[in-house]
Amino acid sequence: MALFGALFLALLAGAHAEFPGCKIRVTSKALELVKQEGLRFLEQELETITIPDLRGKEGHFYYNISEVKVTELQLTSSELDFQPQQELMLQITNASLGLRFRRQLLYWFLKVYDFLSTFITSGMRFLLNQQICPVLYHAGTVLLNSLLDTVPVRSSVDELVGIDYSLMKDPVASTSNLDMDFRGAFFPLTERNWSLPNRAVEPQLQEEERMVYVAFSEFFFDSAMESYFRAGALQLSLVGDKVPHDLDMLLRATYFGSIVLLSPAVIDSPLKLELRVLAPPRCTIKPSGTTISVTASVTIALVPPDQPEVQLSSMTMDARLSAKMALRGKALRTQLDLRRFRIYSNHSALESLALIPLQAPLKTMLQIGVMPMLNERTWRGVQIPLPEGIDFVREVVMNHAGFLTIGADLHFAKGLREVIEKNRPADVRASTAPPPSTAAV
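Each residue is numbered by its place in its chain's sequence as written, counting from 1. With pLDDT at 70 or above as the cut-off, local features in this predicted model cover only qualifying residues; side-chain atom pairs require 80 or more to be listed or tallied, and sums for whole chains, interfaces and linings still use all residues. Excluding hydrogens and water, the side-chain figures rest on all heavy atoms present in the structure.

**Topic: the overall build of the protein chain**
Put simply, the rule is: Elements are defined by DSSP. Helices are runs of H or I of four residues or more, strands are runs of E of two residues or more, and each kind is numbered from the N terminus. Buried, partly exposed and exposed residues are distinguished by accessible area as a fraction of the type maximum, computed with a 1.4 Å probe on protein chains only: under 20%, between the cut-offs, and over 50%, respectively. Residue contacts are counted whenever heavy atoms from the two residues lie within 4.5 Å of one another. Only the protein chains shown count as cover for residues, and all accessible areas are computed by the Shrake-Rupley method using a 1.4 Å probe.
Along its length, the protein chain carries 11 helices and 19 strands. For the protein chain, the residues scored as buried account for 42% of the 441 residues in total. Long-range contacts, defined here as pairs at least 24 residues apart, represent 70% of the contacts in the protein chain between residues at least 6 apart. Accessible area for the protein chain stands at about 24200 Å²; split by element, carbon and sulfur atoms hold 56% of it.

Written out as structure tokens, the structure is:
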């Protein structure tokens, strides 16, 4: 019974486990680029350290070493690798420093050059250990963390919706890559606690040829469309001059009889064409492509000034859009294209037959008047969780059953120092660096 109960609880937990809407894999191919940029930043940090003067007395030997400056830093051998259980490991060996300093020496005995050389070398090594350890600590735990703070976790996409990129579990490192699972869910800004249940398949990442791979499930796009639906954005009203002239004339001719019967006095009133999505659109991802299915109501009415509008017809529209995804910079962008379109009456099959002449001009109106507005919004894109200053380049999109993956390489559009200096507080160095003696230990 105990075994049965444990099995039941495990199955129950698995049934309620939520899959990620977005996955990111960083491969070993990205580490060389990250290492070079990180070492460049580290060199810049070490070259700015301030080394205190070294003065004192050793027997009959008096010394004063001052104005010590780091002139050159060479990190000749370094390795950055993925380490299971530790994520990343940076090893630096055979590093060398070039120094410039002023020395004042007073001694009473001859032939002490070997002693002086050993003494100065030991003293400088002591001073450098006192200063370099705090710099390494500060660069690794404070400054680089300020870079990671630029990764969007829960932020606004626009004035209507936001996105949640919170990590669902700790990153998983192998010897060749680092995998991260993100929630990848949109939400209306007016309902920040709302969440769409994720019933989509879990995206999978198998490739390792590019520096980075990003996978998105159907849930990622469904949550975006449902968030915009709940925010009231998926509706459009065209009145008067906003209705294309040819379509206006066709609609008036089609419904001339209805106008005469209903209210002949308003025959010359402005025409109103209203489209309202009836349910959240849904995304379907297949190896052959990505499609979005939309069902909307189409209402045609006359709007006489200072009078109630006169409804001429109400119909239902089914549309299918194709969607092409692309990564530009660090934004996922979408280009939509209207593929299938049909309208039918809510009232009778006979009226649906009468609507056939309207199908072509309404589709043209959607392609010319509505699709550009949709694409203007979707092409703005949504940011992928990458630190500031890092962009995607040379991307390739691959469709699978229920999810898509995008492989890309990385490019540092800004140096680490530029990004870190922009985002760290002015007093962060003084408030976070440990005492020199502690860091040296």
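Alright, that's what it looks like, and here's the rest.
**Description of helix H5 (residues 245–254)**
Short version of the rule: Throughout, the arc means the angular range of directions from the helix axis out to the C-beta atoms.
Among the residues making up H5, those that are buried are Leu-247, Asp-248 and Leu-251. Within H5, the buried residues cover an arc of 105° as seen down the axis, which keeps them to one side. Seen from the buried face of H5, the exposed residues on the opposite side, beyond 90 degrees, are His-245, Asp-246 and Ala-253. Its buried side turned inward, H5 meets strand S12 (271–277), strand S14 (289–302) and helix H8 (356–378).

**Details of the packing of aromatic side chains**
As a reminder of what qualifies: When two rings of Phe, Tyr or Trp (its six-membered ring) have centres within 6.5 Å they constitute a pair, described as stacked for plane angles under 30 degrees, edge-to-face for angles over 60, and tilted for the intermediate range.
Under the criterion given, the structure shown has five aromatic pairs. Where Tyr-165 meets Phe-182, the ring centres are 6.3 Å apart and the plane angle is 85°; that geometry is what we call edge-to-face. With Tyr-165 in the loop between strand S6 (161–164) and strand S7 (172–173) and Phe-182 in strand S8 (residues 177–182), the pair connects residues that are 17 residues apart, well separated along the chain. Look at Phe-186 and Phe-220: their rings are 5.1 Å apart centre to centre, the planes differ by 70°, and that puts the pair in the edge-to-face class. Of this pair, Phe-186 sits in strand S9 (residues 185–188) while Phe-220 sits in helix H4 (residues 218–230), and the two are 34 residues apart along the sequence. For Phe-220, a relative accessible area of 1% puts it in the buried group. Each member of the aromatic cluster is reached from another via a ring pair, and the members are Phe-186, Phe-216, Phe-220 and Phe-221.

**Here's the deal with the nonpolar core**
Applicable threshold: Remark: nonpolar core denotes a set of buried residues (Ala, Val, Leu, Ile, Met, Phe, Trp, Tyr, Cys) joined through side-chain atoms within 4.5 Å.
Counting residues in each nonpolar core, the largest one holds 72 residues, and the members touching the most others are Phe-216 and Leu-332. Counting residues per element, this core draws most heavily on strand S15 (residues 310–328), at nine residues. Look past the residues within four positions of Phe-216 in its chain and what remains in contact with it is Gly-21, Cys-22, Phe-221, Ile-285, Leu-332, Ile-384, Phe-403, Leu-404 and Ile-406. Judged by nonpolar contacts, the second largest core, of seven residues, contains Ala-185, Phe-187, Trp-194 and Ala-200.

**Regarding the pairing of S14**
Put simply, the rule is: Only strands joined by at least two bridges in the DSSP assignment are considered to pair.
Among the 14 residues of S14, 10 are classified as buried, and the element is accordingly described as predominantly covered. Sheet analysis places S12 next to S14, joined by seven bridges and oriented antiparallel. For Leu-275, the partnering residue across the bridge sits in S14 and is Val-298. Judged from the five bridges that link them, strand S13 (residues 282–286) and S14 form a sheet pairing that is antiparallel. Each bridged residue has a counterpart across the sheet, and for Arg-282 the counterpart in S14 is Ser-293. Hairpin connection of S13 to S14: two residues between the antiparallel strands. Sheet analysis places S14 next to S15, joined by 13 bridges and oriented antiparallel. The partner of Leu-302 across the bridge, within S15, is Val-310.

**As for the environment of Leu-358**
Relative to the elements of secondary structure, Leu-358 occurs in helix H8. For the pair Leu-358 and Leu-250, spaced 108 residues apart in sequence, the C-alpha separation works out to 7.8 Å. Apart from residues no more than four positions distant in its own chain, Leu-358 is found in contact with Leu-250, Leu-251, Thr-254, Tyr-255, Met-315 and Ile-343.

**A short note on the confidence of the model for the protein chain**
Going by this rule: The predictor's confidence in any single residue is recorded as pLDDT, a number from 0 to 100.
Model confidence for the protein chain is summarised by a mean pLDDT of 77, while 73% of its residues fall at 70 or above. Below pLDDT 50 for its whole length, residues 1–16 participates in zero contacts with residues either more than four positions away or in separate chains. In the model, residues 428–441 has pLDDT below 50 throughout and makes 20 contacts with residues more than four positions away in sequence or in other chains.

**Topic: the packing of H5 against H8**
The geometry of a pair of packed helices is captured by two quantities: the angle between their axes and the separation between those axes. The test is simple: Axis lines are fitted to C-alpha atoms, over the contacting stretch for helices. Their N-to-C directions set the angle, which ranges from 0 to 180 degrees. By the definition adopted for this analysis, an angle is roughly parallel if under 35 degrees, roughly antiparallel if over 145, roughly perpendicular if from 65 to 115, and oblique otherwise. Note: crossing handedness is left-handed where the near helix turns anticlockwise from the far helix by less than a right angle, and right-handed where it turns clockwise.
Across the interface, H5 lies against H8 with an axial gap of 10 Å and an inter-helix angle of 155°. Judged on the interaxial angle alone, H8 and H5 are roughly antiparallel. Crossing hand, H5 versus H8: left-handed. Residue-level contacts link Leu-247, Leu-250, Leu-251 and Thr-254 of H5 to Pro-357, Leu-358, Pro-361, Leu-362 and Met-365 of H8.

**Digging into the environment of Val-266**
Turning to its location among the elements, Val-266 is positioned in the loop between helix H6 (256–262) and S12. Residues within four places of Val-266 in sequence aside, it is in contact with Leu-302, Pro-304, Gln-307 and Val-310.

**Points about the pairing of S8**
With respect to burial, S8 is a largely interior element, five of its six residues being buried. Two strands pair when backbone bridges link them, and strand S1 (residues 22–27) and S8 are joined in this way by six bridges, in the antiparallel orientation. In the sheet register, Lys-23 faces S8, and the bridge partner there is Asp-181. Following S7, the chain reverses through three residues before pairing antiparallel with S8.

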